[in-house]
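Listed below are the residues making up each chain.
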Amino acid sequence: MAQSLKERINRASVQVLADGLAAAWAPFPRDRFTGRALAGLDGLELKDRVRHVAAALHDALPMPYPRAAEIVRACASRVRLDMWSGWPATDHTSAAGLDHLEPAMATLATLTPHATGEFAVRPFLERYRDDALQIMRDWAESPDEHLRRLACEGSRPRLPWAGRVAWLMTPGPTLPLLDRLRDDPSAYVRRSVANHVNDLAKDHPEVALRLLARWRSDGGSHVEKVVRHAARGLLRTGHPEALALMGVTPGSGTVDALALEAGTVPIGGKLSFTVTVTAGAPGPMLLKYAIRRPGSRRVFHLGQRAADGSGAVFTVRKSHSFRPVTTRDEPPGGRELDVIVNGRVAATAGFTLVDPAPEPAPATGPPPR
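The sections below set out a description of the structure shown in this document. In this numbering scheme, every chain counts its residues from 1 along its sequence in written order. With the structure being a predicted model, the display of local features is reserved for residues of pLDDT at least 70 and the display and counting of side-chain atom pairs for 80 or more, all residues being used for whole-chain, interface and lining totals. For side-chain calculations, the full set of non-hydrogen atoms in the structure is used, while hydrogens and water are omitted.

Some points on the sheet that holds strand β3 (residues 270–278)
Sheets are built from strands paired through backbone hydrogen bonds, the pairs being either parallel or antiparallel.
Now for step 1: Taken together, the three strands give an open sheet; going across it, the order is β1-β3-β6, and neighbouring strands pair in antiparallel fashion. Only two strands of the sheet have a single neighbouring strand rather than two, namely β1 (254–260) and β6 (313–321). Neighbouring strand axes in the sheet, compared pairwise and without regard to direction, differ in orientation by 20° on average.
Now for step 2: Here, any two strands with at least 2 DSSP bridges between them count as paired. Numbered from the N terminus, helices here are DSSP runs of H or I no shorter than four residues, and strands are runs of E no shorter than two. Relative to β3, β1 runs antiparallel, the two sharing six bridges. Paired with Val255 across the two strands is Val277, which belongs to β3. Axis definition: a line fit to C-alpha positions, over the contact stretch in the case of helices; interaxial angles, taken between N-to-C directions, run 0 to 180 degrees.

Pasting the structure below:
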């Protein structure tokens, strides 16, 4: 079985961090730190593990924060930190360093190539708004792609797993960062830019669409991929202006046939289906599908086809997995499959999700002679 995320913060990751700190500062109380960091660790979930190890680090560095920050920064050059050994150090920075903007931000800049500081930077944006944002603008000019990405990712309006920063929910302050990084040579940075705009589009679609239209007009080596990825949330909901931005004729096209391979699907199995569509206008055809049940509707990408003209016919086959995942519950019961053509539901079919068949009981009786 694959190791869960929380289990990656463990004895080995704590030991890596301890090794680096001891190499950076000879008096570092390695045994006290590791003992406290590991005590009760196994019973905690992921983010609680991060905070627990960070608290042990704070206890082991009982000195003015700027000096502690020097040691943490030096640690990063002594050992090979990764997300799991370094994450508690970024968390320590946001907690212990909140009254010390410059050394704390310098520490996050040092750590982020090893363990991203996107979560840890949020309290500084909350407290120091303009000063913290200016530092992040400087990061956007860095030759290090990790720092450029941190400038964009750390300031996302709806950064997953991170606390909300109220002023980031209002469009405007971060747009210069996005303009600077929209055609960045690093795909790692460009993905962050697209995710940032996708966040923005959830609350301010008109601002996001104007921004994307301007980027396309201005051009760039990577503009098409960035625009498409940034608009994905609006495309998923069938937003007419987003569809038009992609060259799609909103609502055009029909479904001629929708066939499900089976009317029942076991949990853990796959729904396989085939759909035949006819274009209603020349240009791109954007195909999505949705799985619906009471209280839930999830939309997925089905495909994109280029129609030479009205009447062009395409057939698409798809298998949708109902493999159980920890972040989503899939109870048995009726479902509806919607096929969405250029933002409009063009066909629907029902099916039933059922409990998987029980595994056969092991054979009993005397062993064969």
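Now that the structure has been shown, the text picks up again.
A closer look at helix α8 (residues 145–153)
Now for step 1: Burial status follows relative accessibility: with a 1.4 Å probe on protein chains alone, a residue under 20% of its type maximum counts as buried, one over 50% as exposed, and anything between as partly exposed. Among the nine residues in α8, seven count as buried, and that is most of the element.
Now for step 2: For α8, the complete set of buried residues consists of Leu147, Arg148, Arg149, Leu150, Ala151, Cys152 and Glu153.
Now for step 3: Those residues of α8 hidden inside the fold are in contact with α6 (101–111), α7 (122–139), α9 (175–181) and α10 (187–203).
Now for step 4: Pairs of N or O atoms within 3.5 Å make up the polar contacts considered here, provided that, within protein, one atom can donate a hydrogen while the other can accept it, and that residues adjacent in sequence are counted only when both atoms are side-chain atoms. Where α8 begins, the capping side chain belongs to Asp144, and its oxygen is found 2.8 Å from the backbone nitrogen of His146. Contact criterion: two residues are considered in contact whenever any of their non-hydrogen atoms come within 4.5 Å of each other.

A word on the nonpolar core
Now for step 1: Residue types Ala, Val, Leu, Ile, Met, Phe, Trp, Tyr and Cys, when buried and joined through side-chain atoms within 4.5 Å, form a set referred to as a nonpolar core. One finds Met105, Trp139, Leu178, Val197, Leu212 and Trp215 to be the most contacted residues of the largest nonpolar core, which totals 53 residues.
Now for step 2: Of the residues forming this core, the biggest block, seven residues, is contributed by α7.
Now for step 3: Those residues in contact with Leu212 that sit more than four places away from it in its chain are Val197, Val227, Ala230, Ala231 and Leu245.
Now for step 4: Ranked by size, the runner-up nonpolar core spans 34 residues in total, among them Ile9, Phe28, Phe33 and Ala56.

Examining unusual backbone geometry
Excluding glycine, residues mostly have negative phi values, and the peptide bonds linking residues are mostly trans.
Now for step 1: With a phi angle near 70°, Trp161 is a residue other than glycine that sits in the positive phi range.
Now for step 2: Take Trp161: it is sitting in the loop between α8 and α9.
Now for step 3: Even without glycine at this site, Asn342 takes up a positive phi of about 50°.
Now for step 4: Looking at where Asn342 falls in the secondary structure, it is placed in the loop between β7 (333–341) and β8 (344–354).

Thoughts on the pattern of salt bridges
Now for step 1: Note on definitions: salt bridges are taken to be side-chain nitrogens of Lys or Arg within 4 Å of carboxyl oxygens of Asp or Glu. The final tally for this structure, using the stated rule, is 22 salt bridges.
Now for step 2: Put simply, Glu70 and Arg67 hold a salt bridge, and the shortest N to O gap is 3.0 Å. With Glu70 and Arg67 both in helix α4 (residues 65–75) and three residues apart, this pair spans about one turn of that helix.
Now for step 3: Salt-bridge contacts for Glu330 lead to Arg335; the nearest nitrogen and oxygen are separated by 2.8 Å.
Now for step 4: Its relative accessible area of 3% is what places Arg335 among the buried residues.
Now for step 5: One connected set of salt bridges, linked through shared partners, spans Glu118, Arg149, Glu153, Arg156 and Asp199.

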